Amino acid sequence: MPSEEELYQEHVLDHYEDPFHRGTLESATHAHEDKNPLCGDVVRIELKLNDEGKIENLYFTGDGCVISQASASMLLEELYGKTVDDLKDFSAADMLTLYGPRLTPNRQKCCLLSWKVLQSAVHSPLAEGGES
Amino acid sequence: MSAAKTVDQSALLPESLRDDFPILSRDILEGHPLVFLDNAASTQRPRQVIDAISNVYEHDYANVHRGIHTLSERSTELYELAREKVRAFVGAKHAREVIFTPGTTASINLVARSWGGANLQPGDEILTTVMEHHSNLVPWQQIAAETGAVLRHVPITEDGRLDMAAFDQLLSERTKLVAVCSISNTLGTINPIDEITSKAHAAGALVLVDAAQSVPHMPVDVLKSDVDFLAFSGHKMLGPSGVGILYGKESLLDAMPPFLGGGSMINEVRLDSFTPAELPAKFEAGTPPIAPAIGMSAAIDYLNHIGLEAIHRHEQVLTQLAYDALSQIEGLRILGPAPKHRAGLVSFAFERIHAHEFAQVLNDQFGVAVRAGHHCTQPLHALLGISASTRASFYFYNQPENVDCLLEGISAVQSMFAPQGRRRRRKHNS
C-alpha cells in the first residue's frame, strides 16, 4: 500500500495548487465532460483542434480530489500541441506513469478520469462556436 | 487536544469488549492498530459469531426444510431458531412475519415488486424522503415507472431533519405507502417513526421503514411503532453479509403475491401452474442464506447480552465528542443535526479539501478507516450542494481514543493540503 508521502508527491501537489490551463477555452471546437460515479469527481475538457488534427489548445475545469484534478493538469500539459494520433497512442498505462505515484485500483479511477474525458473530447465536436 | 479525557465514563461500555473482535487488534499498517470508523457501511464480527459460522459448517450443515436426515434436521432447527431470535429482537408477533432475504436492498425490492406490483395504480403516490439511501429510492422509482404511481419526497429542514410540516402537507388520500429510513446513513438523523406511522395510517397509507442503521444500534419495537414493513441487514449488526430481514405484518404478507419463484416457496407444482406455500416460505424461494442466518442469530445473542440501550448510550457519547470537536474546526461543515437528534455517525465536508484526501491520509498515516464519497445518497449530496463527504460511523467497540485519532488525522490533512503558494515546473510558455 502506498504511503501518503508517496501518493501526494511534491509534483502532484504543485499541479493541484498551480494547475496547467485550468479554465475555459472560448475558441474551443470540441468538449466533453464526465464524472466518476463512485465519488463525484468531475472533469470537463474544452479543446481546439485544427484541420490537421493538432490540439492547438485545451483547458479543463472540474471538481474533485487532488488526484483527479492534478492528473488533469498533467495530462493537458503533456498533450498540449500534440495531435489526435498522439492522444490515441497515449494509453491508460501512460497516464498512470505520467502521474507517478503508484495508485490502488480505486484511486486509479480518479487518475484516469481526465484521460477518459480527453479521449472522448476529441470525438465530441461542439454544435457551434469554433470554426471547423 | 484530547477530547477523550472529558468524557462521562459511566455512559461508556467496557473497552474489553474489543477483545472479542479479532480484527480490531490487527495492525492495518505497521505499528498502526485498526481504528475502524466505517460501521455504517458494515460492522466487524466478534469471535462468538465467527465461531457460530464455523460450527455450523463443521457440525450441523445441510440444506434446510428438505431432508429427513439428521444434519438437515439440525440445520433446519438452527435456521428456524434464528428466525425466532429475530422475531423477539424486533418485537414482532409471529416468527412467520420474519422473512430471510439477502439484505436490506432485497427486502425493499421484495415489497416494491410484490406489494407495489399488486397494489399501485396510476396516480397513487409513494411518499419517500430526500435523505434515503439509493436502496430506498431506486426500487420505488422502478415500480412507479411500471405502475404509473407517482413518487414524492419529504424535504429536510435547514439542520438536516425531516420537515414534518411538509410531510403533513404531502401526505394525502393518494398516498399508498411511506418509505422512510429510521436513521439517515449520511446525516445520522433519527427520524420520528412513531409519528410517521400514526399519521400515515390515519391517511390510509402503509409504512416501510429502512431500519438498516437503527436495528444494530438502538432498541426497535415493530408493534409499538406500528410499522408495516421493516427492512435491515445482518452485516451491519455483527452478522455475516448475505442475510437480511424483511418483517411484514402477517395480513399484508399473506395478501401479497410471491416475489421470486422456485423451490421452497411452493405448496404444489404442476407443469403449468403452482400454488404458493404459507408464510414465511412463500417469500423464501431457493436455498436460503442458512449459515449467514445462523451467524446472525449468534450476533443477536451477543447484542442482547450487551443491551441495545447501553449501545445507544455509548454511541451518543462518542457522537457528542466528535460533533463538539469537529464544530470547532474552521472550514468544516458537519452534515445533519445536533447530537440529540442524531445516531452514532458524523459526516462532514470541507470547502477546499476533497473527502478522498481525508480517507486516504487517515488510512495511510493513522490506520483510521472512514467512508469517503456519497454513501449511496447522491440526491441528498446534490441537495446539500456537495459531491462527496467524509463519514465517521461508530459502534460500541469504538472508544473515545478512536475519536482522538480521527481528529488528529483531520488536522494533519488540513495542514498537508493547505495552500502553500506551490508552483509547478513549467513545460510550456503558456
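In this text, all values refer to a predicted model and were calculated from it rather than measured experimentally.

### Observations concerning the overall build of chain B
Right, so step 1: Along the backbone of chain B there are 13 helices and 17 strands.
Right, so step 2: Considered along the principal axes of its C-alpha atoms, chain B spans approximately 75 × 55 × 55 Å.
Right, so step 3: For chain B, the proportion of contacts with a sequence separation of at least 24, taken over those separated by at least 6, is 71%.
Right, so step 4: About 17,700 Å² of surface is accessible on chain B, with carbon and sulfur atoms providing 51% of the total.

### Focus: the overall build of chain A
Right, so step 1: Across its full length, chain A carries six helices and three strands.
Right, so step 2: Ordered by position from N to C terminus, the α and β elements of chain A give α-α-β-β-β-α-α-α-α.
Right, so step 3: Here the C-alpha radius of gyration of chain A, 14 Å, is about what a compact globule of 132 residues would show, namely 14 Å.
Right, so step 4: Reported as C-alpha extents along the three principal axes, the dimensions of chain A are approximately 45 × 25 × 25 Å.
Right, so step 5: Across the 132 residues in chain A, those meeting the buried criterion constitute 52%.
Right, so step 6: In chain A, once contacts between residues fewer than 6 apart in sequence are set aside, the share between residues at least 24 apart is 65%.
Right, so step 7: For chain A, the exposed surface amounts to about 6,000 Å²; the carbon and sulfur share of it is 48%.

### Notes on unusual backbone geometry
Right, so step 1: In this chain, Leu-279 of chain B is followed by Pro-280 of chain B through a cis amide linkage whose omega measures -5°.
Right, so step 2: Residue His-21 of chain A is not a glycine yet carries a positive backbone phi of 50°.
Right, so step 3: Looking at where His-21 of chain A falls in the secondary structure, it is placed in the loop between α2 (10-17) and β1 (30-35).
Right, so step 4: Even without a glycine there, the phi angle at Leu-238 of chain B is positive, about 80°.

### What about the sheet that holds β1 of chain A?
Residues and elements named next belong to chain A.
Right, so step 1: Within the open sheet, the three strands sit side by side as β1-β2-β3. Their pairing is antiparallel. Looking at which strands have only one partner, the edges of the open sheet turn out to be β1 and β3 (55-63). Across the sheet, the mean angle separating the axes of adjacent strands is 15° when strand polarity is ignored.
Right, so step 2: Where β1 lies against strand β2 (residues 42-49), six bridges are found, and the strand directions are antiparallel. Paired with His-30 across the bridge in β2 is Leu-47.
Right, so step 3: Seen against the sheet, helix α3 (residues 66-79) touches β2 and β3 and runs at an angle of roughly 175° to β3.
Right, so step 4: Of the strands in this sheet, β1, β2 and β3 touch helix α6 (residues 105-121), which is tilted by about 35° from β2.

### Describing the domain arrangement of chain B
How big an interface is tends to be reported as the loss of accessible area on association of its parts.
Residue and element names in this part refer to chain B.
Right, so step 1: As assigned here, chain B comprises domain 1 (3-33 + 308-416) and domain 2 (49-305).
Right, so step 2: Of note, the centres of domain 1 and domain 2, computed from C-alpha atoms alone, are 28 Å apart.
Right, so step 3: Taken together, the contact between domain 1 and domain 2 spans 32 residues of the former and 30 residues of the latter.
Right, so step 4: Between domain 1 and domain 2, the buried area comes to about 2,500 Å², and carbon and sulfur atoms account for 66% of it.
Right, so step 5: The three residues of domain 1 that bury the most area against domain 2 are Leu-308, Leu-380 and Tyr-395, which together make up 26% of that side's buried surface.
Right, so step 6: Counting every contact that joins domain 1 to domain 2 gives zero salt bridges.
Right, so step 7: Across the domain 1-domain 2 interface, the total number found is 13 residue pairs in polar contact (both at pLDDT 80 or more).
Right, so step 8: When residues of the side of domain 1 that touches domain 2 are traced back to their parent elements, those giving at least two are α10 (308-327), β14 (345-350) and α12 (378-384).
Right, so step 9: When residues in the side of domain 1 that touches domain 2 are grouped by element, the largest group, six residues, is from α12.
Right, so step 10: Among the residues forming the side of domain 1 that touches domain 2, the class breakdown is 18 nonpolar, nine polar and five charged.

### Things to note about the interface of chain B and chain A
Right, so step 1: Tallying the contact residues gives 29 residues for chain B and 33 residues for chain A.
Right, so step 2: Taken over both partners, the interface formed by chain B and chain A buries close to 2,500 Å², and the fraction arising from carbon and sulfur atoms is 48%.
Right, so step 3: Where chain B meets chain A, there are eight salt bridges.
Right, so step 4: Here Asp-14 of chain A and Arg-422 of chain B are joined by a salt bridge, their closest N and O atoms 3.3 Å apart.
Right, so step 5: On inspection of chain B and its partner chain A, the count reaches 14 residue pairs in polar contact (both at pLDDT 80 or more).

### Some remarks on the pairing of strand β8 (residues 206-210) of chain B
All names here are of chain B.
Right, so step 1: Counting buried positions along β8 yields five of five residues, so the element is predominantly enclosed.
Right, so step 2: Residues of β8 alternate between two faces, with Leu-206, Leu-208 and Asp-210 on one and Val-207 and Val-209 on the opposite face, all of them buried.
Right, so step 3: In the sheet, strand β7 (residues 175-181) pairs with β8 via five bridges, with the strands oriented parallel. Counterpart to Val-178 in the pairing with β8 is Val-207.
Right, so step 4: Taken together, β7, helix α6 (residues 193-202) and β8 form a β-α-β motif whose crossover is right-handed.
Right, so step 5: Where β8 meets strand β9 (residues 229-233), three bridges bridge the pair, whose relative direction is parallel. Note on β9: the bridge partner recorded for Val-209 is Leu-230.

### Some words on the packing of aromatic side chains
Residue and element names in this part refer to chain B.
Right, so step 1: Scanning all chains against the criterion turns up 13 aromatic pairs over all chains.
Right, so step 2: On the basis of an interplanar angle of 45° and a centroid distance of 5.3 Å, the ring pair of Tyr-57 and Tyr-61 is categorised as tilted.
Right, so step 3: A relative accessible area of 52% places Tyr-57 in the exposed class.
Right, so step 4: On the basis of an interplanar angle of 55° and a centroid distance of 4.6 Å, the ring pair of Tyr-395 and Phe-396 is categorised as tilted. As far as the burial class goes, Tyr-395 and Phe-396 line up, both buried.
Right, so step 5: Here the aromatic cluster, defined as three or more aromatic residues joined through ring pairs, consists of Phe-21, Tyr-302, Tyr-395, Phe-396 and Tyr-397.

### Comments concerning the environment of Leu-118 of chain A
Residue and element names in this part refer to chain A.
Right, so step 1: Take Leu-118: it is sitting in helix α6.
Right, so step 2: Owing to a relative accessible area of 0%, Leu-118 belongs among the buried residues under this scheme.
Right, so step 3: Residues Leu-118 and His-32, spaced 86 residues apart in sequence, show a C-alpha to C-alpha distance of 7.1 Å.
Right, so step 4: Those residues in contact with Leu-118 that lie beyond four places of it in its chain are Ile-45, Leu-47, Leu-58, Leu-75, Leu-79 and Leu-87.

### Things to note about the side chain of Asn-57 of chain A
Right, so step 1: Considering the arrangement of structural elements, one finds Asn-57 of chain A in strand β3.
Right, so step 2: Not counting chain neighbours up to four residues away, the residues in contact with Asn-57 of chain A comprise His-21, Leu-25, Glu-46, Leu-47, Lys-48 and Tyr-80 of chain A.

### Comments concerning the side chain of Ser-114 of chain B
Right, so step 1: As for its placement among the helices and strands, Ser-114 of chain B is situated in helix α3 (residues 104-119).
Right, so step 2: Contacts of Ser-114 of chain B, omitting those with residues within four sequence positions, involve Met-256, Pro-257, Phe-259 and Phe-283 of chain B.

### A word on the nonpolar core
Right, so step 1: Of all hydrophobic cores here, the largest spans 74 residues; its most connected members are Leu-47 of chain A together with Leu-326 of chain B.
Right, so step 2: In this view, Leu-47 of chain A contacts Leu-25, Ala-28, Thr-29, His-30, Ile-55, Asn-57, Leu-58, Leu-118, Ala-121 and Val-122 of chain A; residues no more than four positions away in its chain are not counted.
Right, so step 3: Grouped together as the second largest cluster of nonpolar side chains are 71 residues, Ala-92, Ala-298, Ala-310 and Leu-384 of chain B included.

The rules behind these values
- Residues numbered from 1 in each chain as written.
- Chains lettered and ligands numbered in written order.
- Predicted model: local features only at pLDDT ≥ 70, side-chain atom pairs only at ≥ 80, totals over all residues.
- Heavy atoms only, no water.
- Helix = DSSP H or I, 4+ residues; strand = E, 2+ residues; numbered from the N terminus.
- Contact = heavy atoms within 4.5 Å.
- Areas by Shrake-Rupley, 256 points an atom, 1.4 Å probe, with all protein chains shown as cover.
- Rg over C-alpha atoms; globule rule 2.2 N^0.38 Å.
- Buried < 20%, exposed > 50% of the residue type's maximum accessible area, 1.4 Å probe, protein only.
- Pairing = 2+ DSSP bridges.
- Axes fitted to C-alpha atoms, helices over the stretch in contact; angles between N-to-C directions.
- Domains from an automatic or database assignment.
- Buried area = accessible area lost by both parts, 1.4 Å probe.
- Salt bridge = Lys/Arg side-chain N within 4 Å of Asp/Glu carboxyl O.
- Polar contact = N/O pair within 3.5 Å; in protein donor to acceptor, adjacent residues only side chain to side chain.
- Nonpolar A, V, L, I, M, F, W, Y, C, P; charged D, E, K, R; others polar.
- Right-handed = clockwise from strand over helix to strand, strands pointing away.
- Phe/Tyr/Trp six-rings, centres within 6.5 Å; stacked < 30°, edge-to-face > 60°.
- Core = buried A, V, L, I, M, F, W, Y, C linked by side-chain atoms within 4.5 Å.

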